[in-house]
Amino acid sequence: MAYTEEELKKELETKEYEYGFYTDIESDTFPAGLNEEIVIAISKRKEEPEWMTLWRLESFKIWKEMVEPEWPNVKYEKPDFQAISYYSAPNSKPKYDSLDEVDPELLDTFNRLGISLDEQKKLAGVAVDIVMDSVSVATTFKKTLAEKGIIFCSISEAIREHPELVKKYIGSVVPQKDNFYAALNSAVFSDGSFCYIPKGVRCPMELSTYFRINQAGTGQFERTLVIADEDSYVSYLEGCTAPSRDENQLHAAVVELIALDGAEIKYSTVQNWFPGNKEGKGGVYNFVTKRGICEKNAKISWTQVETGSAVTWKYPSCILKGDNSIGEFYSVAVTNNHQQADTGTKMIHLGKNTKSTIISKGISAGKSQNSYRGLVQVSSRAENARNFSQCDSLLMGNDCGAHAFPYIEVKNKSAMIEHEATTSKIGEDQIFYCNQRGIDTEKAIALIVNGFSKEVLNKLPMEFAVEAQKLLEISLEGSVG
Amino acid sequence: MDLKEKLVSSFLAFENNVDVEHSVHDIRTEAIKKFEEKGFPSRKEEEWKYTSLNTLQKVDFSIFPKTESDLDYKDVKRYFMHEIDTYKIVFIDGIYSSYLSETTHDGVDVCLMSSALTKPMYKAVIDVYFNKIASKDDSLTNLNTAFSKEGAYIYIPKNKTPKKPIEILHFTTGTEAALMSQPRNLIIAEENTELQIIERHQSLTSNDVFTNAVTEIFAGKNAIIDYYKVQNDALTASLVDNTYIDQKDGSTVDVHTFSFGGKLTRNNLNYYQNGERVNSTLRGVTIIEGKQHVDHHTLVHHIKPNNESYQDYKGIYDENATAVFNGKIIVDQIAQKTNAFQQNNNILLSDKATINTKPQLEIFADDVKCSHGCTIGQLDEEALFYLQSRGIPKKEAKALLMYAFANNVLSTVRIPELKTRINKIIAKKLGVNIGFDL
């Protein structure tokens, strides 16, 4: 294990959300409310070309017509979209050339989050594009990447500097009218990451972005676009933490992945937004649309560790359009206290010889509700489609719930589809065995949970795997009766 | 006039024909109100996502048969389990046929819903059981409740067991252009009883038939009920079969559903485990082709602790057939030590066939063992080759493999004659002449 028992013990002692601090930086914030002027103002503030402004306005028009979805298996107070401020940017200098120029207070925040820029630069070989309240403030390793022709920057920069790429691909996987939150995001997205890997290039390092919600009452509308050109490879990491807030914060992101012929994209997420306190007060609403499209021989792999947010609503999906394409989904979703998660994936098999794997592990504790919702669809022309799905749920305590809604729709006879799901609790015999070997119950549970999630955690890049394991422990602390 | 309006407007005429003073009158009136509010379910509803009733609603169904038809026993003998002695409750176009039936009042009541609903001696039972477990929200169930008049009524008092299995048969003849019928069955098995039932709907006409059936089953303490539904109907017949089962301590209810034919078949099989140490078993075999549609919706609601449920559904689909399996298991918070198992295996034989399956678990208790498995695939080429290399023609080899695939369910049929009968139906469907008594 990458961390010692002492570390774990220390983690367990800190009962409150440890990342729940608030950095006092003067922010440039728009008044609350949403109308066409705000959309135009956001676009203007980002110095966007006209086509982008029009695209946003079109999205806003679509959004106005739509109604908030009711079907997810979650209960929450509907956010008041007119009470949210749609743009907030740290009011420091707009650009930094080196880390020294960055506001020390900001740097301190990152350090407390455990993202040491210097350390990561040296040790992990990770280029970090840190997004704090919507504006990208630090980009490292840009040079190394530029040498290979890799574009890794904020989406607003990409709109300005690589409009042809953005114009071609934005909205191509998640159209504006895809769903309520995708439409909202398309209209008001403030910033996000953009990544382009040229033909035949293997990205030498893991690309990563950290998102934080900082300003009170500001929603975060991230837009991420990753394009892997023919025969390229990229591994993209995304991690989230957010400060403690009493009012609910809304996070409606859109992530689009495009894997062209023979390309491979690995997208890993550790999500740890503020889950609300023990009584279920506060916490982030996480309504995210993530989708990737695979052309011929391409592969997209989603890995996620979901431990935070009061309400999660998220289905990273793969459209297997090209022949021989592969889609993967590995997920651990942990809910504790009053958290609710409705998460899963969609695998749409369109091409021939397409393969997909779904491994979903749900752990519910406290008074939480954890749902898996998935779709495996095989169209009539998708010869030899292959899918394997496994959804396991672990229940801790009898006030929580685990649910599974797997949809399987098959229209081709050559498809081979397997789905299995189990629900169980941690066996008393397993705990007894650990106790008898001198491992106390709390540690035993940590051990068992880690083992239960191992198949997924193994898929995470090293740096993330460590963080994810820690998160699992923190999320489940005190849930053992 | 669409079907909904027609049904609602004929309700008054229907009510005038039956006893308005009876306590069931209020239940009927309430039910038609609810149906009027909600109407027929549309595909926008999650539970009806894959099954559309639109085409049915366009047919001009006759709601009350105008003429009474008679059937000759020899013409319909093949639909009866004539190899064994059974009690029979037979309906022709929704009307009881005393000539073809064999009912009893000898210790147990195997008779008619119409008499149970009207005769004072049954009032006490009707007050306790009628419409108690059936859904008050499901639109089609409400529709049936509103028009509930005829069907099978079976009452088995404590410690009694009927001497022979009971057959419930519904025939539809061709005298009406298109006929809608709504049989309502009530089956009560009290403490320590045992009971076997075979149910069949058979259309004898090429006209459209729409059956919207509701069956309420109450299994008392330690009661054992073995229920077989044989659905091998004409291609113009549609069936919505709603079954609601209430189980008390130690009872076992085992339902087999064999869906081999019909234009549209929708089975809503609902179990409510209102006791402890209850065992619920749901098994089904579906073999369809052409443009047939079969939809299995099962619900097992584990309400009390220490219960078991077991589901095993097999399906084979050819040509343009479409099929749905939606299995829902709900485990309440207090239903600890629940053991729920669900399996659904499907074979697609054609690229135009569709299967939509959704095994659904909703679990609120922690000390439970719940699992479900679901597969979609095709016949094993190697197995097929092996059989062919042994001199078995391709067609027969395929049939053998399909039979083997369904055998897990078939082998649990406890009436040997019925098993033989089903084997014959399968052989005929697969176009082979094998006795499948392997």
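Calculation rules
Residues numbered from 1 in each chain as written. Chains lettered and ligands numbered in written order. Predicted model: local features only at pLDDT ≥ 70, side-chain atom pairs only at ≥ 80, totals over all residues. Helix = DSSP H or I, 4+ residues; strand = E, 2+ residues; numbered from the N terminus. Buried ≥ 20, exposed ≤ 12 C-beta atoms within 10 Å, placed from the backbone. Contact = placed C-beta atoms within 7 Å. Rg over C-alpha atoms; globule rule 2.2 N^0.38 Å. Nonpolar A, V, L, I, M, F, W, Y, C, P; charged D, E, K, R; others polar. Pairing = 2+ DSSP bridges. Axes fitted to C-alpha atoms, helices over the stretch in contact; angles between N-to-C directions. Parallel < 35°, antiparallel > 145°, perpendicular 65-115°, else oblique. Left-handed = near helix turned anticlockwise from the far one by under 90°. Core = buried A, V, L, I, M, F, W, Y, C linked by C-beta atoms within 7 Å. Domains from an automatic or database assignment. Expected span 1.5 Å × (residues − 1). pLDDT = per-residue confidence, 0-100. Arc of directions from axis to C-beta.

For the rest of this paragraph, the subject is the overall build of chain A. Scanning chain A for helices and strands turns up 12 helices and 24 strands. Counting across all 481 residues of chain A, residues that qualify as buried make up 55%. Pairs at least 24 residues apart make up 83% of the contacts formed inside chain A by residues separated by at least 6 positions.

So, about the overall build of chain B. For chain B, the helix and strand inventory stands at 10 helices and 20 strands. Rg of the C-alpha trace for chain B: 21 Å, near the compact-globule value of 22 Å for 438 residues, within the 12% margin. The buried share of chain B, taken over its 438 residues, is 52%. Sequence-distant contacts, at least 24 apart, represent 83% of the contacts inside chain B between residues at least 6 apart.

Let's shift gears to the interface of chain B and chain A. Taken together, the contact pairs 32 residues of chain B with 30 residues of chain A. Among the secondary structure elements, those contributing two or more residues to the side of chain B that touches chain A are strand E19 (354-363) and strand E20 (369-377) of chain B. Broken down by element, the residue count for the side of chain B that touches chain A peaks at 10 residues, all from E19 of chain B. Split into classes, the residues belonging to the side of chain B that touches chain A amount to 13 nonpolar, 12 polar and seven charged. The pairing of strand E24 (residues 416-425) of chain A with E20 of chain B spans seven bridges and is antiparallel. Across the sheet, Glu-418 of chain A pairs through a bridge with Thr-375 of chain B, a residue of E20 of chain B.

Looking now at the pairing of strand E12 (residues 252-261) of chain B. All names here are of chain B. Among the 10 residues in E12, eight count as buried, and that is most of the element. Two elements, E12 and strand E14 (residues 279-288), share eight bridges in a ladder whose sense is parallel. Across the sheet, Thr-257 pairs through a bridge with Gly-284, a residue of E14.

Moving on, we get to the packing of helix H10 (residues 428-436) of chain A against helix H11 (residues 441-457) of chain A. Think of two packed helices as two axes; the pair is described by the angle between the axes and how far apart they sit. All names here are of chain A. Packing of H10 against H11 brings their axes to within 9 Å, and their N-to-C directions diverge by 120°. Of the possible angle classes, the one that applies to H10 and H11 is oblique. You can see that H10 and H11 cross each other, and the crossing is right-handed. From H10, Gln-430, Ile-431, Cys-434 and Asn-435 reach across to H11, where they touch Thr-441, Ala-444, Leu-447 and Ile-448.

This brings us to the nonpolar core. Note that soluble globular proteins tend to have their nonpolar side chains buried in a common cluster. Counting 211 residues, the largest nonpolar core has Cys-195, Val-226, Ala-228, Ala-259 and Ile-265 of chain A as the members making the most contacts within it. Split by domain, the residues of this core number at least three in each of domain 1 (3-275) and domain 2 (383-438) of chain B. Apart from residues no more than four positions distant in its own chain, Ile-265 of chain A is found in contact with Val-226, Ala-228, Val-234, Tyr-236, Leu-257, Ala-259, Gly-292 and Ile-300 of chain A. Membership of the second largest hydrophobic core comes to 19 residues, among which are Leu-3, Phe-35, Phe-61 and Leu-140 of chain B.

Of note, the phi angle at Asn-337 of chain A is positive, near 45°, even though the residue is not glycine. Residue placement: Asn-337 of chain A occurs in the loop between strand E17 (326-335) and strand E18 (340-343). Residue classification places Asn-337 of chain A among the buried residues on the basis of 21 C-beta atoms within 10 Å. A positive phi angle, near 50°, is found at Glu-319 of chain B, a position not held by glycine. Its location among the elements puts Glu-319 of chain B in the loop between strand E16 (308-317) and strand E17 (322-331). On the basis of neighbour counts, which here come to 14 C-beta atoms within 10 Å, the residue Glu-319 of chain B falls in the partly exposed class.

Time to look at the environment of Ala-298 of chain A. Residue and element names in this part refer to chain A. Positionally, Ala-298 belongs in the loop between strand E13 (284-294) and strand E14 (299-306). Taking the C-alpha atoms as reference, Ala-298 lies 9.8 Å from Tyr-233; in sequence the two are 65 residues apart. When sequence neighbours within four positions are dropped, the list of residues in contact with Ala-298 reads Ala-259, Leu-260, Asp-261, Gly-262, Ala-263, Glu-264, Gly-322 and Ser-325.

All names here are of chain B. Domain boundaries assigned for chain B yield domain 1 (3-275) and domain 2 (383-438). Averaged C-alpha coordinates put domain 1 and domain 2 at centres separated by 31 Å. Contacts between domain 1 and domain 2 engage 12 residues on the former and eight residues on the latter. Taken together, the elements giving at least two residues each to the side of domain 1 that touches domain 2 come down to strand E8 (194-203), strand E10 (224-232) and E12. Here the residues of the side of domain 1 that touches domain 2 sort into seven nonpolar, three polar and two charged.

Its 17 residues give H11 of chain A an end-to-end C-alpha distance of 22 Å, which sits within 8% of 24 Å, the value for a rise of 1.5 Å per residue. Here H11 of chain A has its buried residues at Ile-445, Ala-446, Val-449, Phe-452, Ser-453, Val-456 and Leu-457 of chain A.

This next bit is on the confidence of the model for chain B. Do not read the predicted coordinates in detail wherever pLDDT is low. Looking at chain B as a whole, its pLDDT mean stands at 91, while 98% of the residues score no less than 70. What the predictor reports for the complex is a pTM of 0.83 with an ipTM of 0.78.

Here we come to the packing of helix H8 (residues 381-389) of chain B against helix H9 (residues 394-410) of chain B. Residue and element names in this part refer to chain B. Running from amino to carboxyl end, H8 crosses H9 at an angle of 130°, the nearest separation of the two axes being 9 Å. Comparing the axis directions of H8 and H9 gives the class oblique. At the point where H8 passes H9, the crossing takes the right-handed sense. In contact with Ala-383, Leu-384, Leu-387 and Gln-388 of H8, H9 contributes Lys-394, Ala-397, Lys-398, Leu-400 and Leu-401. For the contact of H8 with H9, the residue count by class is six nonpolar, one polar and two charged.

Residue and element names in this part refer to chain A. Taken together, the buried positions of helix H2 (residues 36-45) are Val-39, Ile-42 and Ser-43. End-on, the buried residues of H2 take up no more than an arc of 95°, which puts them together on one face. Exposed positions of H2 whose direction lies more than 90 degrees from the buried face are Glu-37 and Lys-44. Next to the buried residues of H2 lie helix H3 (50-65) and helix H9 (180-188).

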